[in-house]
Amino acid sequence: FALSALMLTRLKALPPLTNAEKNSEQKMTSPNLTNWIKKGFTENPFWQTLKETVSLQMLFIAGFFSIFVIVGFDVLAAVFFRDALKETESFYGLAIGLVGVGSLLSTLYVLLKKRTSRPWPDAVLGIALLYVIPLSLTVAAGMQNIALARIITLVACFIGGMGNGLLHVQISTLLQSFTPRHLLGEASGLLQSTMVTGQLLGTLLTPILVPGLLSTGVFCLISFVALTILVTVLVVQLSRKPERFLLPSQEV
């Protein structure tokens with residue numbers, strides 16, 4: 001936190017708002033919450049920006065569904081390690097640590113690339129690496145060789161951590177790149193709310209499904225398929241009209 005505070009003090013001040021941005025801010029100001037709700041989807045500048053910007057729409061979809069699917073493993077991990085891998089909390093801690101190391105390394109990778117990084121391909125790659133975790137748990141759940149299953153799980157946690165770092169860093173990059181700066185606070189709050197909604201729904205749904213309706217292995221397989229569909233949709237969208245996903249600084 002202290003390091004973050006120091007970095008913030010070194011940032012350059014933003015230029016003053018233009019007249020158009022000031023007018024947009026004034027339109028956002030409403031005398032009460034009821035009026036804001038009534039006009040929010042028709043006159044609110046951010047909703048208009050979201051409606052017109054395909055990249056932002058895909059960003060919200062990816063943010064919601066990636067969290068919604070992957071949170072199931074947070075719920076099931078401790079039980080899976082205990083019952084399927086016959087391990088204790090020390091193994092669980094090691095797995096979490098490897099996720100953290102993977103996230104740190106992928107974040108450093110983005111940092112070193114600087115302006116040559118490609119946020120959308122990186123974000124899609126992040127989701128693809130994340131679904132190594134459900135795939136590995138699907139395989140490990142049916143293995144007789146527990147020692148090999150443990151190794152596969154640890155490797156998958158490291159790879160999934162790399163995906164987690166790529167996804168979260170580049171989601172922030174994309175949000176800031178495609179959102180007008182005077183709308184960034186509202187956009188950021190709404191994106192975080194969207195992702196938290198996915199997290200809450202996944203957390204509530206997982207215990208209902210497992211083990212009452214689905215085994216852990218089947219649940220992981222379904223999650224793997226769901227993430228594969230998400231990646232496929234994103235890749236198709238990027239391939240069909242790639243110019244819509246270019247950062248403003250990359251547009252000709």
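For the structure, see preceding data.
Residues numbered from 1 in each chain as written. Predicted model: local features only at pLDDT ≥ 70, side-chain atom pairs only at ≥ 80, totals over all residues. Heavy atoms only, no water.

**Quick look at the overall build of the chain**
Then comes step 1: In terms of helices and strands, the chain carries 11 helices and 0 strands.
Then comes step 2: In the chain, the succession of α and β elements from N to C terminus is α-α-α-α-α-α-α-α-α-α-α.
Then comes step 3: When each of the 252 residues of the chain is scored for burial, the buried share is 37%.
Then comes step 4: Put simply, the chain shows about 14,700 Å² of open surface, and 67% of that area lies on carbon and sulfur atoms. (Helix = DSSP H or I, 4+ residues; strand = E, 2+ residues; numbered from the N terminus. Buried < 20%, exposed > 50% of the residue type's maximum accessible area, 1.4 Å probe, protein only. Areas by Shrake-Rupley, 256 points an atom, 1.4 Å probe, with all protein chains shown as cover.)

**Examining the packing of aromatic side chains**
How two aromatic rings sit relative to each other is set out by the distance from centre to centre and by the angle between their planes.
Then comes step 1: Taken as a whole and judged by the stated rule, the model has 6 aromatic pairs.
Then comes step 2: Aromatic side chains Y131 and F224 sit 5.1 Å apart centroid to centroid with 90 degrees between the ring planes, which places their arrangement in the edge-to-face category. With Y131 in the loop between α7 (119-130) and α8 (132-141) and F224 in helix α11 (residues 216-240), this residue pair connects regions lying 93 residues apart in the sequence. Across the pair, F224 and Y131 agree in class, each one buried.
Then comes step 3: Aromatic ring contacts, followed pair by pair, group F80, F81, F91 and Y92 into a single cluster. (Phe/Tyr/Trp six-rings, centres within 6.5 Å; stacked < 30°, edge-to-face > 60°.)

**Some points on helix α10 (residues 184-209)**
Then comes step 1: Between its first and last C-alpha atoms α10 spans 37 Å; for 26 residues at 1.5 Å apiece the expected length is 38 Å, and the two agree.
Then comes step 2: Of the residues making up α10, those classed as buried are A187, L191, T194, M195, G198, G202 and T206. (Expected span 1.5 Å × (residues − 1).)

**So, the packing of helix α5 (residues 54-83) against α10**
Then comes step 1: Interaxial distance between α5 and α10 falls to 7 Å at its minimum, and their mutual angle equals 35 degrees. As α5 runs across α10, the sense of the crossing is right-handed.
Then comes step 2: Looking at the contact of α5 with α10 residue by residue, the class counts come to 15 nonpolar, 9 polar and no charged. (Axes fitted to C-alpha atoms, helices over the stretch in contact; angles between N-to-C directions. Left-handed = near helix turned anticlockwise from the far one by under 90°. Nonpolar A, V, L, I, M, F, W, Y, C, P; charged D, E, K, R; others polar.)

**Observations concerning unusual backbone geometry**
Note: most residues except glycine have negative phi, and most peptide bonds are trans.
Then comes step 1: For the bond running from V210 to P211, omega is 0 degrees, close enough to zero to count as cis.
Then comes step 2: Checked against the element boundaries, P211 lands in the loop between α10 and α11.
Then comes step 3: Of note in this structure, K86 is not a glycine but carries a positive phi near 55 degrees.
Then comes step 4: Looking at where K86 falls in the secondary structure, it is placed in the loop between α5 and α6 (89-113).

**Details of the nonpolar core**
Then comes step 1: One finds L59, F81, W120, I127, L191, L227 and L234 to be the most contacted residues of the largest nonpolar core, which totals 46 residues.
Then comes step 2: Elements with a minimum of two residues in this core: α4 (45-52), α5, α6, α7, α8, α9 (146-178), α10 and α11.
Then comes step 3: For this core, the leading source of residues is α5, giving 13 residues.
Then comes step 4: Apart from the residues within four sequence positions on either side, I127 is in contact with A62, S66, L167, L227, L230, V231 and L234. (Core = buried A, V, L, I, M, F, W, Y, C linked by side-chain atoms within 4.5 Å. Contact = heavy atoms within 4.5 Å.)

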